[in-house]
Every structure is written in structure tokens, then in C-alpha cells.
Amino acid sequence: MTTSSPASVPLPPPDATNKIICCEYCPVACGYQVYSWPVGEEGGPAAADNAFGVDFPVAPLSGRWISQTMHTVTKVDGKLSNVVVIPDADIGAVNVGGTHSVRGGALAQKLYRPDGPTSDRYQFPMLKVRGDFVPIPWETAIDLVARLSQYTLDNFDELAWGMKIYSYQFFENTFAASKLALKEIGTPNWSPHHAPAEGDDTPGLSDVGIDAFSASFEDDKAADVLFIAGSDPYETKTVRFTTWQAPGEATIIFVDPRRTFTASFAESRGGLHLQLQPGTDTALYSAIVREIISQGWEDAAFIQANTAGRAELDAEGKWRRKMFGQTFDEYRNYIFSQDDFSLEGVERATGVPADKVRRAAELMTGGGAAERPKTTILMEKGVYWSHNYENTAAIGNMALVTGSSGSEGRAVSRMGGHQRGGVKAAGYPADKSPHEFEGHKLEMDTERWFAQGNTRFRWIVGQNWIGAMGASQALADVTARLTSMGPPVDSVDPDRAFEALARRMDEGGTVIVHQETYPNDSTKYADIILAAGAWGEDTYARANAERRIRLYEKIADPPGEAMSDWKIFAAVGRAMGFEGFDWADTNEIFEESGPRSAGSRKDYAALVEKAQAEGIRGHDLLRTYGNTGIQAPLGVDDSGNLTETPRLHANLKFKSDSGKANFVLADWDAVKRRNEIVGPIGDELWVTNGRVNELWNNLSDYTRREIATARWPMNWLEISPGDASSRGIESGDLVSIESDNVLDQLGNITSGSFTAVAYVSDIVPDGVTFTYFLFPGQPANTVVSGDSSLQPLNLRYNFKLGKGRIRKLGTTGLKETMSFAPRNQAPLTIEGAS
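Rules and cut-offs
Residues numbered from 1 in each chain as written. Predicted model: local features only at pLDDT ≥ 70, side-chain atom pairs only at ≥ 80, totals over all residues. Heavy atoms only, no water. Helix = DSSP H or I, 4+ residues; strand = E, 2+ residues; numbered from the N terminus. Buried < 20%, exposed > 50% of the residue type's maximum accessible area, 1.4 Å probe, protein only. Contact = heavy atoms within 4.5 Å. Salt bridge = Lys/Arg side-chain N within 4 Å of Asp/Glu carboxyl O. Axes fitted to C-alpha atoms, helices over the stretch in contact; angles between N-to-C directions. Parallel < 35°, antiparallel > 145°, perpendicular 65-115°, else oblique. Left-handed = near helix turned anticlockwise from the far one by under 90°.

Enquirer: Help me out: how do you make sense of the environment of F773 in this one?
Expert: Note that F773 resides in the loop between β30 (768–772) and β31 (774–775). Classification of F773 as buried rests on a relative accessible area of 10%. On a C-alpha basis, the gap between F773 and V692 in space is 9.8 Å, while along the polypeptide they are 81 residues apart. If sequence neighbours within four positions are ignored, F773 has contacts with N689, G690, R691, N697, P779, A780 and N781.

Shown next as C-alpha cells:
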């Protein structure tokens with residue numbers, strides 16, 4: 001085997017093993033076919049001699065063409081094998097025709113290869129002894145985790161035992177983890193990878209009564225107008241953009257502080273780019289609605305039939321809806337009382353020209369035309385990772401005014417940041433949380449609780465935890481202090497190791513267990529490393545952003561003794577004496593989790609019930625739907641066939657006690673006060689952050705791909721020509737980004753900084769910069785507030801609202817080796833687009 005790319009790739013022979021799987025990365029979740037066969041065998045170019053049944057050569061991107069990045073060599077069932085991961089040319093949904101992103105086209109490169117860049121995978125559990133990680137047997141690792149967990153419960157309480165875990169990595173893993181943490185241990189010290197606290201990411205929209213993943217990809221293509229805010233779909237959901245949005249007839253209204261490729265494309269098609277100042281979304285959306293109502297363009301019939309009156313709101317059981325819910329008249333009175341929501345005021349507040357705001361209102365409603373256009377409103381993290389409640393409420397209010405819910409091409413929905421693989425074995429115990437808002441319990445801010453020294457045992461699962469949180473340098477300092485208390489572990493002897501770690505707890509410190517595939521910026525603080533399996537190394541199920549559930553089959557062996565996450569949770573559960581952790585495989589967990597999914601947007605209970613009634617495995621029934629999958633929530637018709645749900649709220653029933661939607665106060669005064677705290681001071685600039693097409697999330701496997709590291713060898717900072725010139729900065733210079741006014745997890749003022757290579761471009765306006773959000777060793781969250789109390793309704797960070805002074809440190813050789821060409825020039829057409 002060799003680590004270099006071959007000049008050609010082998011063809012799978014007719015008898016190659018064929019599996020199905022979906023992409024690991026973005027929430028679109030394109031479908032792929034996987035072929036594996038022993039090294040030393042190879043198919044031929046004649047149709048009869050290969051697994052595809054077609055004559056080769058074929059045209060590139062034809063659906064049967066295998067690129068070099070689609071092939072690797074790894075072990076399958078213990079045998080060294082060729083593995084090809086190729087887009088599914090016959091799929092009936094999602095990536096129709098076998099299209100794919102630059103990320104998905106290299107999925108094979110994720111797989112472990114002992115002679116390649118993925119060779120540094122964790123292969124064995126490890127214990128930190130005298131500051132170094134040394135391999136230990138799984139029996140020792142499981143025993144230590146179980147004993148330390150029980151010690152925490154016996155000597156402190158369940159609030160001192162915490163788990164921070166991905167929210168997306170397959171139903172079977174999240175169910176097993178939550179069964180241990182939430183059902184058996186019963187801790188509220190539980191939070192997802194992307195937030196300090198469990199809970200709703202789009203609470204304002206939920207309080208309007210609309211599910212955050214209500215739309216189907218078909219709605220994108222059917223819409224006359226697409227209003228897209230807080231996400232660049234070309235960069236981050238590429239196939240949804242190229243297959244479902246760009247080829248349609250929709251006029252695109254794109255909201256972003258940056259002039260990206262999608263912004264340029266929207267304008268080239270007669271759409272709009274609303275280039276707002278960071279942190280001003282609430283005013284922009286509210287001003288659009290005010291203009292709609294001023295002109296009499298609102299969907300009065302939809303509002304009259306489907307929104308609640310005051311008596312219905314007063315009868316609501318949900319405290320936030322009762323506190324902030326509004327009738328249409330109350331909402332109208334509020335937005336007309338705000339000067340910043342007038343056309344002139346919103347231009348001052350957001351920087352968006354008044355004529356563009358008016359034009360957006362006209363496009364979304366038809367401007368009084370006899371037939372209203374079908375408008376779909378899509379949003380993502382740029383909306384809810386800034387001013388969470390107010391922005392998502394304002395988006396929901398806009399949807400009600402335009403009638404954007406419940407029918408083809410008329411929807412409001414998140415676009416998704418990752419796939420949807422969460423299902424819990426038990427509810428979250430909010431009654432145990434120490435945090436509240438005006439007497440109402442909130443989910444625990446686990447980072448604040450940790451920084452206060454209240455967490456004695458913390459189990460981190462599948463994430464670069466510290467860099468992913470706000471004020472990450474301050475959080476790293478706290479972590480270093482809490483994990484250095486007490487005597488160091490000086491022996492692999494389980495009893496001696498346990499005694500040292502238990503003593504640390506007694507002295508006020510924290511023991512950290514990190515369950516992970518690769519080393520990252522956070523694993524160095526761990527006491528115990530649990531070597532985890534990854535995508536493709538077991539069989540799982542999960543849904544994509546349109547609630548389409550598919551099977552992800554096992555296609556390769558995990559390296560060494562790395563173990564699937566569910567197996568680790570199950571082993572610890574058994575070691576602690578809990579019942580119900582004796583699953584034989586992931587299918588047993590899938591079937592057990594089915595009833596717990598009932599009533600949710602990912603409801604697959606009917607599939608499990610049908611499989612059990614027919615005497616087949618749930619996973620096997622799901623596989624019969626192939627990569628097309630089946631769109632949840634699922635039901636059963638009179639003939640016993642499974643039914644799908646293309647879009648939610650098609651019956652115009654909403655998430656409230658009355659079944660009606662309602663408007664929600666999007667408090668602009670609260671937003672302005674928050675902006676004064678988190679916004680730039682003096683010569684600081686806004687430091688926004690996000691993703692780009694060629695990379696994914698925390699780069700766990702992308703730092704191990706030459707094609708990615710060659711394009712992005714280090715983090716970068718987009719800075720406007722004006723801001724760069726005034727600071728003597730050119731593209732390729734090394735710059736520092738620093739702030740002395742960042743709030744840490746306890747609300748104290750601290751500092752943060754990172755370095756990056758300057759990328760001078762008009763993609764950002766003066767006063768605004770942009771960087772990758774979680775680049776290893778250079779995380780943008782160092783200059784983002786870590787004080788969740790700034791958003792007291794649901795304890796979220798203002799991730800998109802960083803700030804910092806930009807200073808040139810020197811020049812780099814990247815001036816000659818890295819491209820700084822414009823990245824926002826749109827072609828006149830995209831293949832397949834009109």
C-alpha cells in the first residue's frame with residue numbers, strides 16, 4: 001500500500017460486496033454506494049467484468065466515475081480490502097443523479113489506513129500517567145470510568161457527574177448515552193457539543209408554534225421566493241443549493257454581513273443581498289414585516305385562520321409563550337412603536353438600504369398581486385448563534401405574515417448544521433437544574449457549572465469541546481486548573497489510579513474522560529481516553545435536515561481495539577450495575593429507541609412496529625428503502641403500509657395548546673443592550689465566523705487530507721481592503737486577533753486571542769471580519785463571550801458576534817503558496833439552473 005494517490009483506481013469486480021451509506025458531513029446527507037473487495041483482485045472495463053455493469057471509461061461526474069479520493073485501502077472483516085465510496089446514481093431523493101459536494105466526494109479518505117494520514121487514530125483506551133498517555137486494557141478503562149462515576153454519585157450527587165456529547169451521531173449512540181446519563185444516573189449536567197446547555201436552539205420559532213425542521217427540500221425548488229438568512233448554502237449545504245435551490249425558478253433574498261458566492265448568485269438572478277451589520281437581524285426582519293403590513297400585503301386570511309387570540313394565549317401552559325406570545329394586533333402595535341423598524345430607521349440600525357428592505361417585502365408577498373408568491377424562509381446558525389430568541393422569533397413572525405407554513409413552497413425552517421441523529425431514552429430532568437429565569441427552570445449551563453468547580457466527573461464524547469465553547473482560552477485555563485488538583489496518577493495499577501483521581505475530586509478538582517477518534521485541542525486535558533469507532537465502522541441510522549431517515553451500514557473495521565460508542569456506554573452501564581445495557585448490536589438499540597421517537601419530528605416508531613410484526617429486523621426493513629430512505633414522522637395507512645411526511649404543519653396545526661400559531665415579542669431593546677456588551681470597542685472590529693466548502697467542522701479528519709491542508713494551511717481572516725490598508729496589512733500576512741473585553745463563563749471580563757493569515761477581500765465590509773470557526777489551534781471562540789446569561793431565556797452563546805483588534809505580526813511564505821483570489825464571484829449559470 002502507498003499513501004500517494006494512484007494514477008488510476010481499481011474497478012470493483014462483479015462479486016464485490018455492496019453496502020449503502022450516507023455522507024458523514026453536512027445536513028443534506030447525500031446517499032452513497034460502497035463497494036469492497038480483497039486487495040489483489042480487480043474488475044475490468046467491460047460491463048460484464050465490473051460491479052457497475054457499464055462499459056468503461058465513463059465521463060467524469062457521470063454517476064459511475066470513481067475519482068481517486070473515492071478509493072482507499074483498509075481492513076474489512078479482517079481482510080485488507082479496496083473500498084470505493086461513490087455517490088448513488090440511482091437515488092430517488094437528496095443528491096438525485098449521484099451529485100455530491102467536494103466533501104462527500106472524499107468520504108473514502110475518512111477511513112482508517114495504517115500507512116496513511118489517518119494512521120494516528122486512537123486505537124486503544126489510554127490513561128494519563130505522570131503526564132503521558134499510556135495504553136490500558138478495556139477492562140481497566142471501563143472499571144475506572146464506572147468506579148469514578150459511582151464515587152461521584154456516592155460522595156457528591158448526580159449534578160456533579162456530567163456528560164457533554166454530540167447531538168447528531170446516530171440514534172443508537174445517543175439513545176445508549178442518554179439511557180446511562182439521563183435515565184439511570186438522572187443528571188441535568190448534560191449538554192450537546194454546540195451549546196453550554198441542553199434545550200431548544202430556535203426557541204423563538206418554537207414559541208411561534210412552528211417546528212424548526214418543517215420543510216422538505218422539494219419546498220426549496222417549488223418556492224417562488226427563497227429568503228435565506230444565517231447560512232451560505234453553497235458553502236455549507238452544497239448539494240441542497242446546486243440541486244434544489246439554484247435550478248429552481250425562485251428569486252433569492254440572501255441575508256448575510258458578507259458578500260459571498262451565494263449573495264452574488266442571488267443578485268445575478270434578480271434577487272437581493274441584504275448586507276446587514278452583525279447583530280441586527282431582529283431589526284431587519286421586523287422592518288420587513290412592518291413594511292408588509294404598512295402596504296397591506298400581509299396574508300390576512302392565513303393570520304385570521306391560524307393565529308391565536310389573547311384568551312388562547314392566556315390559556316397556554318408553556319411559560320415562554322404565555323410571557324412573550326402576542327396576538328397580531330399586539331405585535332403590530334409593537335413593531336410600529338419602534339423607530340428602528342421604519343424604513344429610515346432600519347437603514348440606520350442595520351446598514352441595509354431602505355429601498356432594499358421595501359423590495360424584499362414586495363418580493364415576498366407579491367406587492368399586492370392577485371396571486372401571492374410561494375415564499376419559503378430558511379435560516380441557520382447566523383440567525384440563532386447571534387441573538388437567539390429574538391432573531392428566531394422575528395423569523396417566525398415574518399413567516400406568519402407571509403403565510404409561509406404548511407404547503408408546498410411555503411415553509412419556514414432551519415437548514416441544519418449537521419444531521420439529526422438524536423433520540424433520548426429519557427427526558428431531561430429540568431427540575432434538578434440550578435438555573436432558572438424568573439422562577440422558571442432552565443436547562444443547566446454545564447460550562448458555568450463546570451467553571452464554578454461543581455462538576456467532579458466529566459465525560460466528553462466526540463468533540464473538540466473547549467474550542468467549541470465561548471471564551472475558550474479562559475475555559476482552557478479553568479480546565480487546566482481543575483485537572484491539576486491532587487496527586488498525579490503515577491501508575492497504571494487501577495486501584496492506585498482510582499485513588500489519585502478520587503482524591504482530586506475530594507480536593508475540588510475534576511476528572512475528565514474523553515471518548516474520541518483523534519487527538520484534538522481538548523484531549524490533552526483528559527485523564528482517560530476511550531478510543532471510539534467512527535462513521536462506517538458500525539451500522540446506524542439517522543435523519544437529514546428534511547427528516548429523511550436512512551441506514552448507514554458498516555463498511556470497514558475500526559482500528560485496533562477502538563470500540564463503537566454505544567458499546568462503551570453499555571459496558572459502563574453494566575459495570576455500574578444497571579439493567580438494560582446488554583444489547584447484542586445496534587439493531588436492538590434501534591428497535592428499543594423506536595417508541596421513544598414517537599411524537600417527534602423523527603418519529604420512526606411505526607417502522608419498528610411494522611418490522612417486529614413481520615418478524616424482521618428494524619434495520620433490515622429500513623434498508624429496503626435504500627439511500628432514498630423514508631421521510632418522518634412515519635405512520636401507517638389502512639393497508640399497513642408506512643406513510644411519510646414531506647412537510648410538517650400541512651394540516652395547519654401548530655405546536656401550542658390551542659393548535660394555533662402566535663406572534664412573539666422580538667425585543668429589540670434587549671438586543672441593543674446585548675450588542676453594547678458583546679460589540680466592538682475602540683479599534684476592535686466584528687469577528688464573525690463560519691464554515692467553507694472545502695472543510696468541515698473541527699477538521700478532525702480534514703487536517704489529515706493533503707488537498708484540504710494545501711488549500712487552507714492555517715486559519716485565515718477575511719478583512720476588507722479599507723481595514724487592511726489602515727493597518728498596513730496585505731494578503732498573506734500573519735495577523736493577531738485580540739480582545740481584552742471577553743466575558744468568561746462566570747461573567748468576568750477576560751481576554752482572548754488567536755492568529756490567522758490575512759485574506760484581504762471585499763467579501764466583508766469595513767468594520768467586519770470573518771474567520772473559520774473551529775480551526776485547530778486557532779479557534780475563533782477565543783474572542784467570543786462565554787457568558788450564557790446574556791441570553792437568559794435559553795442560555796446560548798453569541799458565537800457569531802466575536803470582536804477583536806487586528807494587528808499585523810509579520811509576513812509569511814503563504815503569500816506565494818496560498819491562493820487569495822476572490823471567492824465570491826458567481827457564474828452566470830450553474831449546471832442545471834435556469
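Enquirer: How should I be thinking about the pattern of salt bridges in this particular structure?
Expert: Opposite charge on two side chains lets them pair, provided their charged atoms get close. Throughout the structure, instances matching the rule amount to 55 salt bridges. With a shortest N-O distance of 2.6 Å, R240 and D220 are connected by a salt bridge. With R240 in helix α6 (residues 238–245) and D220 in helix α4 (residues 217–222), the pair connects residues that are 20 residues apart, well separated along the chain. The exposure classification of R240 matches that of D220, with both residues buried. Note that K815 is salt-bridged to D733, the shortest N-O span being 3.3 Å.

Enquirer: Which parts of the structure should I look at to understand the packing of helix α21 (residues 586–597) against helix α22 (residues 605–613)?
Expert: Two packed helices can be described by the angle between their axes and the distance between those axes. Direction vectors running N to C along α21 and α22 enclose 135°, while the axes themselves pass 7 Å from each other. Judged by the inter-axis angle, α21 sits oblique to α22. The handedness of the crossing between α21 and α22 comes out as left-handed. Across from F590, E591, G594, P595 and S597 in α21, the residues of α22 making contact are A605, L607, V608 and Q612.

Enquirer: What should I look at first to understand unusual backbone geometry in this one?
Expert: Most peptide bonds take the trans configuration, and most residues that are not glycine carry a negative phi. A cis geometry characterises the amide bond from F56 onward to P57, with omega recorded as 10°. One can find P57 in the loop between β2 (31–38) and β3 (71–76). Backbone geometry places R130, a non-glycine residue, at a positive phi of 50°. Note that R130 resides in the loop between β5 (126–129) and β6 (132–135).

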